[in-house]
Amino acid sequence: MYGEEPLFGLLNRIGTPVEGHRPWPRYRLGRDGWLRLIEGLAGNGWSLLGLWGEPKAVHAAFREDFSGDIAAVSLDCPQGRFPSLSAVRPAANRLERAAHDLYGLVAERTTDPRPWLDHDAWGVRRPLSEQPAAPVPNPGPYTFLPVEGDGLHQIPVGPVHAGIIEPGHFRFTANGETVVRLEERLGYVHRGVEGLMQGRPVAEAAKLAARISGDATVAHSLAFARAVEAALGVEVPARAVWLRALMAELERIANHLGDIGAICNDAAFAFMLAQTSQLRERVLRTADACFGHRLMMDRVIPGGVATDLPERGAGLLLELVAELRKRFPPLVAIYDGKASLQDRTVATGFVSAELVTRFGAGGHVGRASGRDQDARRSPGYAPYDELSFEVPVLTEGDVNARVWVRIREVEQSLSLIEQIVARLPAISRGLDHPSVPLEAGRGGEGMALVESFRGEILTWVRLEGEGTVARCHPRDPSWFQWPLLEAAIGGNIVADFPLCNKSFNCSYAGHDL
Amino acid sequence: MLKHILTSLTGGPVTETAPAPADPALAELAGKLDKAAKARLGRSLSIREVDAGSCNGCELEIHALNNPIYDLERFGIRFVASPRHADVLLVTGPVARNMREALVRSWDATPGPKWLVACGDCAVSGGLFAGGYACVGPVEEVLPVDLRIPGCPPRPADLLAGLLALLETSAAK
């Protein structure tokens, strides 16, 4: 099947393009077309970028990995049913379960029909459908997948974990110390973001987008802003484009530094955490001094940015880069040279190249297992097309490889910050901060792919003429990484789970929405 | 490694001076702690953090309290792994309905005397998520709140000031 037919070749044959969807086309398919698409997906040529519901329709987005072509497809489901993609694209399963829980859409012939986000606690079923229903009286317990065998025992963990982390449930089945299977149950942090966005003015929805996942607040804000700007055909000021990239790279560095230290800490090497957390704090303070918020929340807005870099900002940023260049490499040398640390990270939590490709996992999870994908480069967006950077890719697929991808990305981001500071365009006269107003009166549909520190975020938005959000679906990279964590821990000992988990660092809030 | 340790030994501490305990927080706490509790708590405080639907922004800043710059443990305040070891539940998020039961169970598992701190705008007021089908709203809708630390997310210095206030009040007399 691979390479048999180009994505657009097939879609032009089986679907009709929808007007006003930017920058990539959206095709409306009939049921036959949807089935033909599923056949095409049996190959490995197309990555699933997302799948989301509406009360009477289901949408999905794909990328042809070879050419980089991107398209969205839609199927009207007047009966609330659609053929499932999960048999050919296992990554679609949890998204389909989420679409069922929120919109009541039934995925036919799915590989797993269990509820996902709905824990029978909302007081309502399918809350975002046209006709929400009353909750089920006395709902039964959630059924975990059966595991059978001699000498197996189960270890339930969560939703409240031992550390200061987000809630989720992990069901380990172990034989002695060795994990035979891990099953995740998520959805505990479901706050109803998609529902809250509906009918809100763009500016308010942007605040919700900034709080989808706090550690990737810049990236999620950027994805939302770019999707809105695509829908309205808005051009943002050049300086805003560059400032956005600056914030995104600061966020990437801060998160990677925190995680590198935390991974080592989970291997009982607390020294690294003590060191990298100081560097992380240094980055956050610089961000605070430059943009007025340590995490730079609500600083990227549709139309531009909400604050400009102060005069001393460029100097502060260059000082930061210089200090990190001095203090980070010795720590990397220590990481690489400590046998006790390497013993825990090398060959632990292996994920195969085949799996990351099958699931379309991005970020350090994909790149540590050979999947050379970075949304900054493909499809690419400004200003990265004018900046020089490398995307580090390794093939070992273990915890160590994921640490190294992060180390290399920190180095790349430092260089990016230097380039951005050197080339930052001037602000137009008479503006407090670089942004353009979004005029009401136009609607449209837009999509954006943005590279967060943990991988690519897809945001799809449909705007009404009066400047409100009709429907928005932000898809966090974690959707395609969480399932791989289940695979990564298999065959490892229970004590290595924190290492595996931290090397992935999937978002709970971003996933649960 | 050795060079690093020597540099750290000779370089002096990186830890910063603590902020003054937050006054409004102190006022809020006054009268809430009885004498027996003060006697039992002394000058140490064990905190169990519970994320009840946060975007993880608050967690990032709570984590920062443990770094060498804020170094929370120098005040006798530490984060513990179980509510059974805790004096205080530090709760973030607009209490997602899917987390409500877990939060209540964590509170029930915390031995008295115990206090509850609502951390961040979501926990204090429900934030942007109040009124949706998926969130209960402020933590006080579910459990009695002793101290509120607003902010989105609160800066580590604000968190520290709030927690110090809790300690000061509980240790007074």
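Residues numbered from 1 in each chain as written. Chains lettered and ligands numbered in written order. Predicted model: local features only at pLDDT ≥ 70, side-chain atom pairs only at ≥ 80, totals over all residues. Heavy atoms only, no water.

A. Region of the structure containing the overall build of chain B. Across its full length, chain B holds seven helices and five strands. Tracing chain B from N to C terminus, the helices and strands come up as α-α-α-β-α-β-β-α-β-α-β-α. When burial is assessed residue by residue, chain B has 55% of its 173 residues classed as buried. Considering only residue pairs separated by 6 or more positions, chain B has 84% of its internal contacts joining residues 24 or more positions apart. Looking at chain B as shown, the accessible area adds up to about 7,200 Å², and 55% of this sits on carbon and sulfur atoms. (Helix = DSSP H or I, 4+ residues; strand = E, 2+ residues; numbered from the N terminus. Buried < 20%, exposed > 50% of the residue type's maximum accessible area, 1.4 Å probe, protein only. Contact = heavy atoms within 4.5 Å. Areas by Shrake-Rupley, 256 points an atom, 1.4 Å probe, with all protein chains shown as cover.)

B. Region of the structure containing the pairing of strand E4 (residues 115-119) of chain B. Residues and elements named next belong to chain B. Here E4 lies mainly inside the structure; five of its five residues are buried. Along E4, one buried face is formed by Trp115, Val117 and Cys119 and the opposite face, lined by Leu116 and Ala118, is buried too. Strand direction decides the pairing type here: strand E3 (residues 88-92) and E4, joined by five bridges, are parallel. Opposite Leu89, over in E4, you have Leu116 as the bridge partner. As a crossover connection, the stretch from E3 through helix H5 (residues 97-109) into E4 is right-handed. The pairing of E4 with strand E5 (residues 147-149) spans three bridges and is classified as parallel. Across the sheet, residue Val117 finds its bridge partner in E5, namely Leu147. (Pairing = 2+ DSSP bridges. Right-handed = clockwise from strand over helix to strand, strands pointing away.)

C. Examining the side chain of Ser129(A) more closely. Relative to the assigned elements, Ser129(A) resides in the loop between strand E8 (106-108) and strand E9 (152-157). Setting aside residues up to four positions removed in sequence, Ser129(A) forms contacts with Leu102(A) and Tyr103(A).

D. Spatial organisation of the interface of chain A and chain B. Of the residues lining the interface, 55 residues belong to chain A; the matching set on chain B comes to 45 residues. The largest share of the area that chain A buries against chain B comes from Val160(A), Ile164(A) and Arg191(A), three residues that together contribute 18% of it. Remark: the boundary between chain A and chain B carries three salt bridges. Put simply, Arg285(A) and Glu16(B) hold a salt bridge, and the shortest N to O gap is 2.6 Å. When contributions to the side of chain A that touches chain B are tallied by element, the ones reaching two or more residues are helix H4 (193-197), helix H5 (202-210), helix H8 (270-291) and helix H9 (313-337) of chain A. (Buried area = accessible area lost by both parts, 1.4 Å probe. Salt bridge = Lys/Arg side-chain N within 4 Å of Asp/Glu carboxyl O.)

E. Geometry of the UniProt feature "domain: NADH-quinone oxidoreductase subunit D" (unreviewed entry) in chain A. All names here are of chain A. In the numbering adopted here, UniProt assigns the feature "domain: NADH-quinone oxidoreductase subunit D" (unreviewed entry) to residues 275-426 and 444-509. Between the end C-alpha atoms of residues 275-426 there is a gap of 36 Å, over a span that is 60% helix and 3% strand. Helix makes up 27% of residues 444-509 and strand 38%, whereas the separation of the span's terminal C-alpha atoms amounts to 28 Å. (UniProt positions renumbered as here; feature names shortened; annotations may be inferred.)

F. The arrangement of the environment of Ala203(A) in detail. Residue and element names in this part refer to chain A. Examined against the element boundaries, Ala203 turns out to sit in helix H5. Owing to a relative accessible area of 56%, Ala203 belongs among the exposed residues under this scheme. For the pair Ala203 and Pro146, spaced 57 residues apart in the sequence, the C-alpha separation amounts to 46 Å.

G. Representation of unusual backbone geometry within the structure. The omega torsion across Gly158(A) and Pro159(A) is 20°, close enough to zero to call that bond cis. Examined against the element boundaries, Pro159(A) turns out to sit in the loop between E9 and strand E10 (169-175). Looking along the chain, the bond that leaves Ser378(A) and enters Pro379(A) is cis, with omega of 10°. The topology assignment puts Pro379(A) in helix H13 (residues 376-380). At Asp71(B), a position not held by glycine, the phi torsion is positive, near 40°. Secondary-structure assignment places Asp71(B) in the loop between helix H4 (57-64) and strand E2 (77-79).

H. Up close: a nonpolar patch on the surface. Side chains of Leu2(B), Ile5(B), Leu6(B) and Leu9(B) sit close together on the surface and give an oily, nonpolar patch of about 430 Å² of accessible area. Positionally, Leu6(B) belongs in helix H1 (residues 2-10). (Patch = residues over 30% accessible without salt bridge, like charges linked within 9 Å, V, L, I, M, F, W, Y side chains within 5 Å.)

I. Geometry of the pattern of salt bridges. Residue and element names in this part refer to chain A. For the structure on display, the rule yields 43 salt bridges over all chains. Taking the shortest distance from any N to any O, the salt bridge between Asp76 and Arg28 comes out at 3.8 Å. Taken together, the residues span a long stretch of sequence, with Asp76 in strand E6 (residues 70-76) and Arg28 in strand E3 (residues 26-29) at a distance of 48 residues. With a relative accessible area of 44%, Asp76 lands in the partly exposed category. Shared partners join several salt bridges into a network, and the residues in it are Glu249, Arg252, Arg367, Asp374, Arg376, Glu409 and Glu451.

J. The sheet that holds strand E15 (residues 455-463) of chain A, seen in detail. Residue and element names in this part refer to chain A. Reading across from one edge, E2-E14-E15-E16 is the order of the four strands in this open sheet, with mixed pairing throughout. The strands lining the two open edges of the sheet, one partner per strand, are strand E2 (21-22) and strand E16 (469-475). Bridge analysis of E15 against E16 gives six bridges, and the strand direction is antiparallel. Note on E16: the bridge partner recorded for Val461 is Cys472. Packed onto the sheet, helix H6 (residues 217-232) meets E2, strand E14 (444-452), E15 and E16 and runs at close to 150° relative to E14. (Axes fitted to C-alpha atoms, helices over the stretch in contact; angles between N-to-C directions.)

K. Here's a closer look at the domain arrangement of chain A. Residue and element names in this part refer to chain A. Along its sequence, chain A is organised into domain 1 (7-108) and domain 2 (213-474). Each partner contributes residues to the interface: domain 1 has 30 residues there, and domain 2 has 23 residues. Across the domain 1/domain 2 interface, buried area totals approximately 2,100 Å², and carbon plus sulfur atoms make up 51% of it. Of all residues in domain 1, the largest losses of buried area upon contact with domain 2 belong to Arg22, Trp52 and Arg63, amounting jointly to 28% of the total for that side. For the pair domain 1 and domain 2, the interface holds three salt bridges. Remark: the boundary between domain 1 and domain 2 carries 14 residue pairs in polar contact (both at pLDDT 80 or more). Among the elements that make up the side of domain 1 that touches domain 2, the one with the highest residue count is strand E4 (residues 46-54) (seven residues). A class-by-class count of the residues in the side of domain 1 that touches domain 2 yields 15 nonpolar, nine polar and six charged. (Domains from an automatic or database assignment. Polar contact = N/O pair within 3.5 Å; in protein donor to acceptor, adjacent residues only side chain to side chain. Nonpolar A, V, L, I, M, F, W, Y, C, P; charged D, E, K, R; others polar.)

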